[in-house]
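# Structure assessment
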Amino acid sequence: MEKVEQWLKKVFINGEWVDTVKGETFDTFRPTTGEVLCAVANGDADDVDKAVTAAKACLNSSGWGYASTGVQRAVVLRKLGKLFEENTAVIAKIDSIDMGKPMREAEADVGDAVAACNHFADLAEKQDKEQGEKIDVGDDNFQSEVRYEPIGVIGAITPWNYPFLMAVWKVIPAIAAGCCTVLKPSELAPCSCLLLAQMCHDAGVPPGGINVINGLGLTAGAAISNHPAFDKVAFTGSPATARLVMAAAALGPRAVSMELGGKSPLIICQDTSNLDAALDWVLTGFLWGSGQVCSATSRVYVHEALREVFMEKLITRVKAVTICDTQGEEALKDTEGAVPRMGPLVSRIQCDKVWGYIDGALSAGVTCAYGGRRELLDGLDINPNGYYVPPTIFVDPPADAKVYKEEIFGPVLCVRFFKTEEEAVAMANDTVYGLAAAVFSDDEAKCSAICNKLRAGIVWLNNCQPAFIQCPWGGVKQSGFGRELGRWGIEEFSSVKQVTSAKPGYAWGIF
Ligand code: NAD
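These lines cover the structure that appears in this document, whether it is placed above or below. (Residues numbered from 1 in each chain as written. Predicted model: local features only at pLDDT ≥ 70, side-chain atom pairs only at ≥ 80, totals over all residues. Heavy atoms only, no water.)

## Regarding the packing of helix α3 (residues 70–86) against helix α7 (residues 192–203)
In contact at an axis separation of 8 Å, α3 and α7 are set at 130° when each is read in the N-to-C sense. Between α3 and α7, the interaxial angle falls into the category oblique. You can see that α3 and α7 cross each other, and the crossing is right-handed. Between α3 and α7, the residues in contact are Val76, Lys79, Leu80, Leu83 and Phe84 and Leu196, Met199, Cys200, Asp202 and Ala203, respectively. In terms of residue class, the contact of α3 with α7 is built from eight nonpolar, no polar and two charged. (Axes fitted to C-alpha atoms, helices over the stretch in contact; angles between N-to-C directions. Helix = DSSP H or I, 4+ residues; strand = E, 2+ residues; numbered from the N terminus. Parallel < 35°, antiparallel > 145°, perpendicular 65-115°, else oblique. Left-handed = near helix turned anticlockwise from the far one by under 90°. Contact = heavy atoms within 4.5 Å. Nonpolar A, V, L, I, M, F, W, Y, C, P; charged D, E, K, R; others polar.)

## So, the side chain of Ser144
Tracing the chain through its elements places Ser144 in strand β6 (residues 142–150). Side-chain polar atoms of Ser144 contact the side chain of Thr500, separated by 2.7 Å. (Polar contact = N/O pair within 3.5 Å; in protein donor to acceptor, adjacent residues only side chain to side chain.)

## As for the pairing of strand β11 (residues 255–259)
Two faces, one strand: in a regular strand the side chains alternate between the faces of the sheet. Counting buried residues in β11 gives four out of five residues, a clear majority hidden from the surface. In this structure, strand β10 (residues 232–236) lies alongside β11, joined through five bridges in parallel fashion. Directly across from Lys232, in β11, lies its bridge partner Ala255. In this region the chain leaves β10, passes through helix α9 (residues 239–250) and returns to the parallel neighbour β11; the handedness of that crossover is right-handed. For β11 and strand β21 (residues 480–481), the ladder comprises two bridges, and the chain directions are antiparallel. (Buried < 20%, exposed > 50% of the residue type's maximum accessible area, 1.4 Å probe, protein only. Pairing = 2+ DSSP bridges. Right-handed = clockwise from strand over helix to strand, strands pointing away.)

## Comments concerning the sheet that holds strand β16 (residues 367–370)
Spatially, β16-β17-β18-β13-β12-β19-β20 is the arrangement adopted by the seven strands of the open sheet, whose pairing is mixed. Since the sheet does not close on itself, it has two edges, and those belong to β16 and β20 (458–461), each with one partner. Averaged over all pairs of adjacent strands, the angle between strand axes in this sheet comes to 25°, irrespective of strand direction. When strand β12 (residues 264–268) meets strand β13 (residues 297–303), the two strands line up parallel, connected through five bridges. Paired with Ile268 across the strands is Val302, a residue of β13.

## Looking at the site of the ligand
Inspection of the region around the ligand gives 30 residues, with Thr158, Glu187, Ser238, Thr241 and Glu407 positioned closest. In this structure, a nitrogen atom belonging to the ligand sits 3.5 Å away from a main-chain N or O atom of Ala222. Interatomic distance of 3.0 Å between a side-chain N/O atom of Trp473 and an oxygen atom of the ligand. About the coverage of the ligand: the protein hides 90% of its 850 Å² of free accessible area. In this structure, the ligand is accommodated by the largest pocket. (Near = heavy atom within 4 Å. Areas by Shrake-Rupley, 256 points an atom, 1.4 Å probe, with all protein chains shown as cover. 1 Å grid on protein atoms, 1.4 Å probe; cavity = no way out; pocket = protein on both sides within 12 Å on 5 of 7 lines; lining within 4 Å. Sits in = over half its atoms within 2 Å of the grid points.)

## Digging into the packing of aromatic side chains
Under the criterion given, the structure shown has eight aromatic pairs. Aromatic side chains Phe12 and Trp17 sit 4.8 Å apart centroid to centroid with 55° between the ring planes, which places their arrangement in the tilted category. The two residues Phe12 and Trp17 agree in class, both being buried. Relative to Trp473, the ring of Trp460 lies with its centre 6.2 Å away and its plane at 50°, an arrangement referred to as tilted. With a gap of 13 residues between them, Trp460 in strand β20 and Trp473 in the loop between β20 and β21 connect regions that are remote in the sequence. Relative accessible area serves as the criterion here: at 7%, Trp460 is assigned to the buried category. Residue class for Trp473 comes out buried when judged on its relative accessible area of 7%. The rings of Trp7, Phe12 and Trp17 are connected pair by pair, giving a single aromatic cluster. The ring of Phe417 carries Arg307 above its face, with NZ or CZ at 3.9 Å from the centroid. For the cation-ring pair, Arg416 lies above Tyr404, with the distance from its terminal atom to the ring centre recorded as 4.7 Å. (Phe/Tyr/Trp six-rings, centres within 6.5 Å; stacked < 30°, edge-to-face > 60°. Lys NZ or Arg CZ within 6 Å of the ring centre and 35° of its normal.)

## Structural notes on α7
Look at α7: 16 Å from first C-alpha to last across 12 residues, which is about the 16 Å you get at 1.5 Å a residue. Counting buried positions along α7 gives 10 out of 12 residues, so the element sits mostly inside the fold. The set of residues buried in α7 consists of Ser192, Cys193, Leu194, Leu195, Leu196, Ala197, Gln198, Met199, Cys200 and Ala203. (Expected span 1.5 Å × (residues − 1).)

## Quick look at the pattern of salt bridges
Going through the model one piece at a time under the given rule, you end up with 25 salt bridges. Linking Lys22 and Asp46 is a salt bridge whose minimum nitrogen-to-oxygen distance equals 3.2 Å. Highlighted residues: Lys22 in the loop between β2 (16–18) and β3 (25–29) and Asp46 in helix α2 (residues 45–59), separated in sequence by 24 residues. Taking relative accessible area as the criterion, Lys22 reaches 46% and is therefore assigned partly exposed. For Asp46, a relative accessible area of 34% puts it in the partly exposed group. (Salt bridge = Lys/Arg side-chain N within 4 Å of Asp/Glu carboxyl O.)

## Details of the nonpolar core
Membership of the largest hydrophobic core comes to 130 residues, with the highest contact counts inside it found for Phe84, Ile268, Phe310 and Leu314. It is helix α6 (residues 163–177) that contributes the most residues to this core, 12 residues altogether. Leave out the neighbours within four places in its chain, and Ile268 touches Leu275, Ala278, Val282, Val300, Tyr301, Val302, His303, Leu306, Phe310, Phe418 and Phe440. Listed in part, the 35 residues of the second largest apolar core include Tyr387, Val403, Ile408 and Met427. (Core = buried A, V, L, I, M, F, W, Y, C linked by side-chain atoms within 4.5 Å.)

The structure is reproduced here in structure tokens:
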């Protein structure tokens, strides 16, 4: 944390660390102990206003924004990628302390952030080559072409589950497209984005190109959604907040992209011969980030014939997961995943919310095959005030059980069984969400057929959870719209201009 200490009570506007207009702060807490971690600048509408003014000026400056090329921006992005790489341990440690994720997961996030810089640098260069692409309009009197321009000033609002990476997924493609950004990180894990601001600056993003305003959702976040000077609001978070952000953006109206929640299913067909490999993916899906992942596997559908063997193996594997203080000596050393580790949840509120789902399901009589009891934490080498929840598995929950229907965002899994694949698909699709889904079968044609029937933005066949930088990321239904990553990621921040010319002097002569 030493690395960001000097900036904690500041906001980053126009290339400088400055005090907020009101000078207020809010506290963040250590997930492993529940103690106050630090006081952070509590920016609000006044600071957002200053930031958006700086961003607008940068967008219209002679050296950046509309006036820059993809090649120029790619140089900055590659430098930034190197800075991320050199600072991997520092960034990862900050996210691990602030959000509670194990170091190996936090380091993997930084690896993905490095990949994002290099990938979007390539795409920025490619966009230069696509400038002026001709369109045949079928009329020799006219010549049409397209030009790509930055959409403008971006308001980026991000969640706490991947504090650094979710910000990178917006800021980096925005830079690649030539946009200038005002970023508001989540107040629950706000520290690593301070380093992001400084590193963008050090890599050559000019003053105003990136601005970071820490603050609360209802003040700094709402100020971004409401400010008329933003050209687009790129939001990642819960559907409840998304409704407020979209309602505010509708008044513009201005563009929004929405990366929201999920209740992602995973189907295991009878012909899955390597059940251990499938279980590996189930555990990754359900316990990575302590289940605080938008695409987390929260519903598993297993063929009835595999019921006993699957449950036995699942419980054995889950029992072997060490619930640990992610800041403990062993956990900090283990960045290779030698021991399967799971840390705390991000906050007291999130922890109580997850326990609320578990307690509610237990009192409604839903069968709990593992976890679900606070006593499972007794005797572990963890602080009793930390925000811990043991992995918890419910079996055969009724279709209307809250634990089965709602996004929990914790290490809670529901398992149901099916006799036919049609039944599995119907259960998998019976949700308001549609972010991700996974299918396991030895039969590739069957995987593909089931994939076609799943209503989700991402489908993994015989694997689960990888988020490759080259591939589109985003959901359908209430999981949102718009796509991050890959060429779709830069398109979200690019505006397509039609330019149609006629020879001087040519006229239609109609009027
Ligand atoms: P959240 O909606 O509570 O907060 C997200 C951000 O919105 C935070 O920065 C918060 O301060 C801000 N905010 C809160 N109220 C606001 C308001 N009125 N106006 C503007 N901004 C406001 O979500 P969270 O708890 O931080 O994150 C968890 C959610 O994010 C889950 O639903 C998860 O599935 C989703 N998520 C989705 C993806 C994806 O790629 N689809 C990735 C990560 C997280």
